[in-house]
Structures are given as structure tokens and as C-alpha cells.
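Architecture at a glance
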Amino acid sequence: MAEVTAICRFCHATCGLVATLEDGRITRIIGDLDNPMYRGYSCVKGRNYHAFHDSPQRLLRPQRRRTDGSFEPVSADLALGEVAARTQDILHRHGPRSVAMYGGTFSHFCPAGVMLREAWMDAIGSPMRFSNATIDQPGKPISMALHGKWGAGPQDFTDSDVCLLVGANPLVSMWGGIPSFNPAQRLHEARKRGLKLIVIDPRRTETARKADLHLQCLPGQDVPLLAAMLQVIFTEGLQDRDFVAEETAGAAELAAAVAPFTPERVAAQAGVAAEDIRAAARLFARGPRGNATSGTGPSMAPHGVLMDYLVLALNTVCGRWVKAGERVPNRGVLFRQFSGVARAEKPRAATGFGEALRVRGLTDTAAGLPTAALADEILTPGDGQVKALFVIGGNPLLSWPNQAKTRRALESLELLVVVDPVLSATARHAHYVIAPRFGFESPAITFGNEGITVYGLSIGFPEPYAQYQPTLIEPPAGSEVLEDWRIFYELGRYMGLPLAFRGQPFDMQTPPTTDALLEQFVARSRVPLAEIKQHPHGALFPDPKPLAEPKPADWPHRLQLAAPAMIAELAAVAADIATAATARDPSRLLLVSRREHARYNSVAHDLPALKKRLAYNPAHLNPADAARLGIIDGAVVEIESGAGCIRAIAHLAPDVREGVVSIAHGFEPASTAALVDDEHGYEPLSGLPRMSAVPVVVRAATAEPARGLA
Ligand code: SF4
């Protein structure tokens, strides 16, 4: 028996763990008290991660679909040889654009996999690379491109006086605003030293319960609320005048654009008191240090890019960026995330570049190609139609908008290859399912959280931290599972393709090791990987240049407070409020997404320890709504939008405000993806449909219904 340190990869938080090894298997997992970032923190999912490795549902070898729809296990050689031949045939008949790839959440946890699948897509010449980033929070990178990135990064939570969270619940989601590394403890410590917390959320979430001010608004009202806060700040002269004058452009246009959003005008539609909007604006502006950030829900609601743009604007108007001479919390250890210079960086394109999609006039974006349009790219005949799809670590059938269309698209493909450790809802439609190594069966580095800083605001490690974990266990005896990278390396070999990363060709005769690939991936890191490996509990690697440098005297760039597309959209929202065009239909509830402690997306719902905590996917609604609709706690309900209908078990929850139903996404058989209309009302830049604040009818189900839900 031995105890070893580990990096959790059940979710994006990559907690530092201690695992007990017995006879080559892991028997117990706890948080690592000696880890300087996580300080012993872990959650129920991470503490049961080893059960996922040994799950009876796990696939131990590649599967090939028979003509009757059932699957047969085959060797990796046979599966990859056939996949290579079929891909080559499709490329020959339809060209490179006919082969697309979708990387889901779990595809990003393996950097070596990212390298080889990108190399393989480069080699076949296909631009059709999609990811979950464009059906999650595409507004963050897109709005950052419109607004500009600040070279020294945002002010840090650790020394903030105020924190504004818009639709974020980091105590459960591990995302946004409060560093997701023991967030409850960090919030507790911050409040003890005087931090003021403002939360805008339709639910009295675990985080909102700790807030000094909670604006429990109706869903989808974040844009008017943020515009109203800006209106108060400009009207009362609470902005950071020096910063605005020196570092920004467009402040006067923004002030004019938010002028119609008086608190009184916004209050009725948003369902909050005008005085609370004023109080939130004043508290945030008073700072003097702090940060505003947003979560997934508002990003998925209408005007998601504009919402994130206004969050950036709020920070900028209040000067909430690290100034010259101040400490830069984390410039990066494995990557260089910030230049460390207190300046607006050179602008980059938000949209309108790269591959043009054949549907809805969408293009590539700062967040990537719009995934919400991929089903149509598969179903729409003509030049460039997608005929083959590779899905890595994702579950499109439960996560892409418009589930019925997604199903048709998956079923119409000539070739669907899914890399997944279980026969997921999507994998069951695949021609081949490749079973991967996963979790502790591969080495890991904490690159994910450093990369997350692309989202811009108080996300990512708050200090220069990094950890490496070697392979801890081998896959089960008799299995044939491949690392993600090996799948694409072998496909390259079968197809006779030379693969390369950053212009450096791979040796296609002798496969590299995962460790060698990781070395190559972080070759430009500030701290060499060999040094990080010396610290099994992870470590802080202080930056020799910890202070932000001043910008050159002739630096020409400024943060943009009045991007034309955003100002035009603000005017449209203002007009809607004036005419009550978006007023709520009282016969409908508004559906919002949520995270549950014992669940992460569509993964591992069958693990006994998690199932014991949450056996089904409850639809949480306010008791007053339930009484009005004749629904009792535990009853099966139907939730119907214009796009589809799902059933769920009602859970009466006073923390959900009236007029709202709150349910987690990605569940089988009742995925909220079935309720999303992907063709109307989508965000014009990102292509993201309305996936939150969706108007739905909720009613008691008529037929005997609980079967399959619990
Ligand atoms: S929050 Fe839980 S699931 Fe996520 S990395 Fe940490 S222990 Fe793992």
C-alpha cells in the first residue's frame, strides 16, 4: 500500500489529491493537505474518481457497430485501420471539409491529445474543428476580443474589496469570480477581511446566501441590469476618471447608450427593486479594488456576448485592472498568459475570419467555430457537407442544442467515431467507439486552469502554481485502451500522413511517450517541466518579475468601451424595454441551468456514491409556482418549450425565485438540449441559441411517468 499525489480530472478545477494505491488499483482518494493551492480541498466526485476507473460500464476495448445496431469488441488495430480507410475514402470523395472534429469538455484535459488531434486535422487539411467552448460561454473570448485584453490582467480576488458575480455559483460550479480552489474557504477568509459580495442570480444559490447584496432577478435580465449599473455609475460620476481617460476609448458613447437604462425602468422588467440596482452599482464602484465576472447561465441567455461585454465594461469603467507597479497575480507558469505590461493589448478579431459556415452566415470566432451550427453542416447537402465526425470526450446528443436535429445529424453521418470510456448516448450512434485510457492511467499537468485565463476575469490560478502527476495505475488487465494522442498518431500512420506540432514533425516510426509530448507542449514554459516534477504536491513558482511594467510612452491601443456591434445591440435592448417587447409571458416559467454537487455534465451518473446523493435530475421550482400549477414535491412534470418536451421529477425549492424552473443540463433521458430552438433568436456573433432563460410550460405529467427518470 502506498500514498501518492494526484491531479483530479473529473472537472476543470484539477484539484490536488492523495490516492491510496493497493495492488495496482486506487482504493481511496482524499484532498491533499500539503498542496499549497487546494489546501486539502476535494469534492465527492473527485473522492470517487477511482470508482470510474473500475466501473462495470467502462469499455475496455474498441467497439464496432454491427448492422443491427449492437456493438462488438474489436482490436485497436482493426478499428483504427478501418476508420483510417473509411476516412480516406470520404476525403477522396468529398474533400477535407467533409471531416469534422468535436472536442467536448474532457478533450481539453489531455494536452498530448490536443497536440496530436490538431496535427492530424492539419495533415488532412480540415478547418472543421469545433468544441464545447461555443455552446458554453463563447461570449467571454468574443467580448474580450471586442473590448481588448489588459496585459497585466484583472485585479485579484485575494486583495479585492468587492466581488460581483453575475449568474455564477462558484461554491458549487468551481467557476468564476472566487478562485475555484477551495472556494468556500477562500470566500470565508475574504469576507472576514471585509470583502463585499454582490450576486445577481434568479436563485438564492449557495454563493448568493453569503452575499451582502443579492439581486434575485428574473432570468435573461442581466444586460438591462448591468446597463443600469453603468448608468448609475456614469450619472453619479463614480467611474475611475483617470483610467477611463488614459486607457479607454468610447466612454462617452457607452454612457449615452446606457442612459435609457435607468434603475426605475429596468426594475420592473428585471423583477428587482430600483434601489437595489443603485446600491449594487455604488457598492461595486466604491471598491476601490475588485472584480466583476459572470457564469454560464447569463452567457447562454439572450444577448450573451453583450452581457459579457458589459461585465468587461463595468470592470474597465471602474479601473479594475492591474496598474503599473502593482503585483501581477499570475503571469503563468506553464504558459505565458499575460505580458505583464499595464496596457491594452493589440486588438484581435472577434468574428468574421477563418472558415465561413454554410448556415446562418456564421464564421469562425475568438471562441472557435460555432458548434450550434454543426448539426446543420452535417444535414445540409452540397459542397462542403460534413460526412464524418470525430467526437472526443464529449456527448453531443445530450449537450448540443436541438436534440432531435442532433440525433438526425448523427444518424446521417457516413462515419461517426467517438472516443469515450463508456457507451454514452452519443457513442451508441457511433460506427466505432474507441475506448481511451483516462484519469490516473496517464500523466497530467495543471495546464487547464492556466489556459482558462483566456476567459479573462479572475479565472485560473490566482498565484503562479503548477503540478505534474506521473501515470499512477495501468488500465485493467486484458484491456486494450489507447491514450487520446495515440489514436490520432496511429490514424496518421495508417493514412501515411506526416504529423507535426508547431512545425516540428513527429517521428512516425517510433511513437513518442506521453511525457515527451508534455515536454514538447510546454517547451516555452517559464518554469521547466523537470523543475515542476520535483514537487509532487504542486508548488508556487514565484515570478522573478512580479510587478506590472508601465506601457511605452507611444503605445497606441486602448480598451474599447463602445464596440459598434455592442452599442447597436444595447440600443435594441433599450427599445425592447421601452415597448415591453420582451416582457415575460406569465403563463410560462423561464428555464435556467444549474450545477449539482454530485454531477458534472453528462458524465458518470451511474457511480454508486454519486447516485446515492442524487439519483435523478430534479426540476427545481418555487413552491408558489408549484401550488399554482397543481404540482407536488416529487411529482413527475412535463417541461415543454416551442422546440420540445422533457419529463423530470419536481423538487420544490424556495431558493428558486417565482417564475423560474432550474434544472441541470446533460442528463439522460431528459436533457434540456431537447428544449432548445437552434434556428431562431440565436446570438448573431457566436451562433449560440437561447439555452437559458428559455420560456417553458411546466405541468403535471398525465401518464405513469417516473420510469427511466430515477
Ligand atoms: S472540484 Fe471535485 S471533481 Fe472537480 S477537480 Fe476538484 S475534486 Fe475533482
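Residues numbered from 1 in each chain as written. Predicted model: local features only at pLDDT ≥ 70, side-chain atom pairs only at ≥ 80, totals over all residues.

**Quick word on the overall build of the chain**
Tallying secondary structure elements over the chain gives 24 helices and 32 strands in all. By the compact-globule yardstick of 27 Å for 710 residues, the chain fits well, its C-alpha radius of gyration being 25 Å. Going through the 710 residues of the chain one by one, you find that 55% of them count as buried. Intrachain contacts of the chain at a sequence separation of at least 6 include 76% that bridge at least 24 residues. (Helix = DSSP H or I, 4+ residues; strand = E, 2+ residues; numbered from the N terminus. Rg over C-alpha atoms; globule rule 2.2 N^0.38 Å. Buried ≥ 20, exposed ≤ 12 C-beta atoms within 10 Å, placed from the backbone. Contact = placed C-beta atoms within 7 Å.)

**Comments concerning the sheet that holds strand β6 (residues 99–103)**
Spatial ordering of the open sheet is given by β5-β4-β18-β17-β16-β6-β7, a layout of seven strands whose pairing is mixed. Edge positions in the sheet fall to β5 (71–73) and β7 (129–131), since each has one partner strand and no second. Ignoring which end each strand starts from, the neighbouring axes of this sheet average 20° apart. Relative to β7, β6 runs parallel, the two being bridged by three bridges. Bridging from a neighbouring strand, glycine 103 pairs with serine 131 of β7. (Pairing = 2+ DSSP bridges. Axes fitted to C-alpha atoms, helices over the stretch in contact; angles between N-to-C directions.)

**Describing the environment of leucine 164**
You can see leucine 164 is positioned in strand β8 (residues 162–166). C-alpha separation for the pair leucine 164 and threonine 293, spaced 129 residues apart in sequence, amounts to 6.4 Å. Residue contacts for leucine 164: discarding those within four places in its chain leaves Ile198, Phe284 and Ala292.

**Focus on helix α8 (residues 222–235)**
A rise of 1.5 Å per residue sets the reference length of α8, with its 14 residues, at 20 Å; its end C-alpha atoms lie 20 Å apart and thus fit the reference within 8%. Judged by how many residues are buried, α8 sits mostly within the fold: 13 of 14 residues are covered. (Expected span 1.5 Å × (residues − 1).)

**Examining the site of the ligand**
Surrounding the ligand, one finds Cys8, Phe10, Cys11, Ala13, Thr14, Cys15, Ser42, Cys43, Lys45, Gly46 and Met174. In terms of residue class, the shell around the ligand is built from seven nonpolar, three polar and one charged. (Near = placed C-beta within 6 Å. Nonpolar A, V, L, I, M, F, W, Y, C, P; charged D, E, K, R; others polar.)

**Details of helix α22 (residues 564–579)**
The terminal C-alpha atoms of α22 lie 23 Å apart, and with 16 residues this matches the ideal 22 Å at 1.5 Å per residue to within 8%. Among the residues making up α22, those that are buried are Met566, Glu569, Leu570, Val573, Ala574 and Ile577. For α22, the angular spread of buried residues about the axis comes to 145°, placing them on one side. Residues of α22 that are exposed and point more than 90 degrees away from the buried face comprise Pro564, Ala568, Ala572, Ala575, Ala578 and Thr579. As for α22, its buried residues are in contact with α5 (139–147), α8, α10 (251–258), α11 (263–270) and α14 (304–317). Looking at the residues trailing α22, positive phi occurs at alanine 580, about 55°. (Arc of directions from axis to C-beta.)

**Notes on the packing of α5 against α14**
Contact geometry for α5 and α14: axes closest at 8 Å, N-to-C directions at 55°. Regarding the angle of α5 to α14, the classification is oblique. α14 is crossed by α5, and the crossing has right-handed handedness. Packed against α5, whose contacting residues are Gly139, Lys140, Ile142, Ser143, Met144, Leu146 and His147, the element α14 presents Gly304, Val305, Met307, Asp308, Tyr309 and Leu312 at the interface. A per-class count over the contact of α5 with α14 returns seven nonpolar, four polar and two charged. (Parallel < 35°, antiparallel > 145°, perpendicular 65-115°, else oblique. Left-handed = near helix turned anticlockwise from the far one by under 90°.)

**Some details on the packing of α8 against α10**
Helix packing geometry: the angle between the two helix axes and the distance between the axes. Where α8 meets α10, the closest approach of the two axes is 9 Å, and the angle between their N-to-C directions is 115°. Every pair of crossing elements has a handedness; the one defined by α8 and α10 is left-handed. Between α8 and α10, the residues in contact are Ala227, Leu230, Gln231 and Phe234 and Leu254, Ala255 and Val258, respectively. Partitioned by chemical class, the residues of the contact of α8 with α10 number six nonpolar, one polar and no charged.

**A look at the environment of leucine 607**
Within the fold, leucine 607 resides in the loop between β27 (589–592) and α23 (608–613). For the pair leucine 607 and serine 55, spaced 552 residues apart in sequence, the C-alpha separation works out to 7.5 Å. If near-sequence neighbours (up to four positions away) are discounted, leucine 607 is found in contact with Asn48, Ala51, Phe52 and Ser55.

**Concerning the pairing of β6**
With five of its five residues buried, β6 lies for the most part within the structure. Here β6 shows no split at all, with Val99, Met101 and Gly103 on one side and Ala100 and Tyr102 on the other all buried. With five bridges connecting them, β6 and strand β16 (residues 388–392) associate as parallel partners. Note on β16: the bridge partner recorded for glycine 103 is isoleucine 392. Between β6 and its parallel partner β7, the chain crosses via helix α4 (residues 111–124), and the hand of that crossover is right-handed. (Right-handed = clockwise from strand over helix to strand, strands pointing away.)

**Some words on the domain arrangement of the chain**
Quoted interface sizes are often the accessible area lost when the parts come together. By domain assignment, the chain separates into domain 1 (1–54), domain 2 (145–323 + 558–567) and domain 3 (584–700). In this assembly, eight residues from domain 1 lie in contact with eight residues from domain 3. Looking at the side of domain 1 that touches domain 3, the elements that each hand over two or more residues are α1 (44–47) and α2 (49–53). Residues of the side of domain 1 that touches domain 3, tallied by class, amount to six nonpolar, one polar and one charged. (Domains from an automatic or database assignment.)

**Concerning the sheet that holds strand β10 (residues 213–215)**
Taking strand neighbours across the sheet as the criterion, the four strands line up as β10-β9-β8-β12 in an open arrangement whose pairing is parallel. Because the sheet does not close on itself, it has two edges, and the strands there are β10 and β12 (290–294). For this sheet the average axis-to-axis angle between neighbouring strands, irrespective of direction, equals 10°. Relative to β12, β8 runs parallel, the two sharing five bridges. Residue pairing in the sheet places valine 166 in a bridge with serine 294 of β12. Against the sheet, α14 contacts β8 and β12, and its axis sits at roughly 180° relative to β12.

**Considerations on the pairing of β8**
It is a general feature of regular strands that their side chains alternate between the two faces of the sheet. Most of β8 is tucked away: five of the five residues are buried. Side-chain alternation along β8 places Val162, Leu164 and Val166 on one buried face and Cys163 and Leu165 on a second face that is also buried. Sheet topology note: the β8/strand β9 (residues 196–200) ladder contains five bridges and is parallel. The partner of leucine 164 across the bridge, within β9, is isoleucine 198.

**As for the environment of arginine 647**
With respect to the secondary-structure elements, arginine 647 resides in strand β30 (residues 645–652). Considering only alpha carbons, one finds arginine 647 and asparagine 617, 30 residues apart in sequence, at a separation of 9.9 Å.

**Remarks on unusual backbone geometry**
The omega angle of the peptide bond from glycine 287 to proline 288 is 5°, so this bond is cis rather than trans. When you line up the elements, proline 288 lands in the loop between α12 (274–286) and β12. At threonine 14, a residue that is not glycine, the phi angle is positive and equals roughly 45°. The residue threonine 14 is located in the loop between β1 (2–7) and β2 (16–22) in this model. We classify threonine 14 as buried; it has 28 C-beta atoms within 10 Å. Of note, the phi angle at aspartate 23 is positive, near 50°, even though the residue is not glycine. Structurally, aspartate 23 can be placed in the loop between β2 and β3 (25–31).

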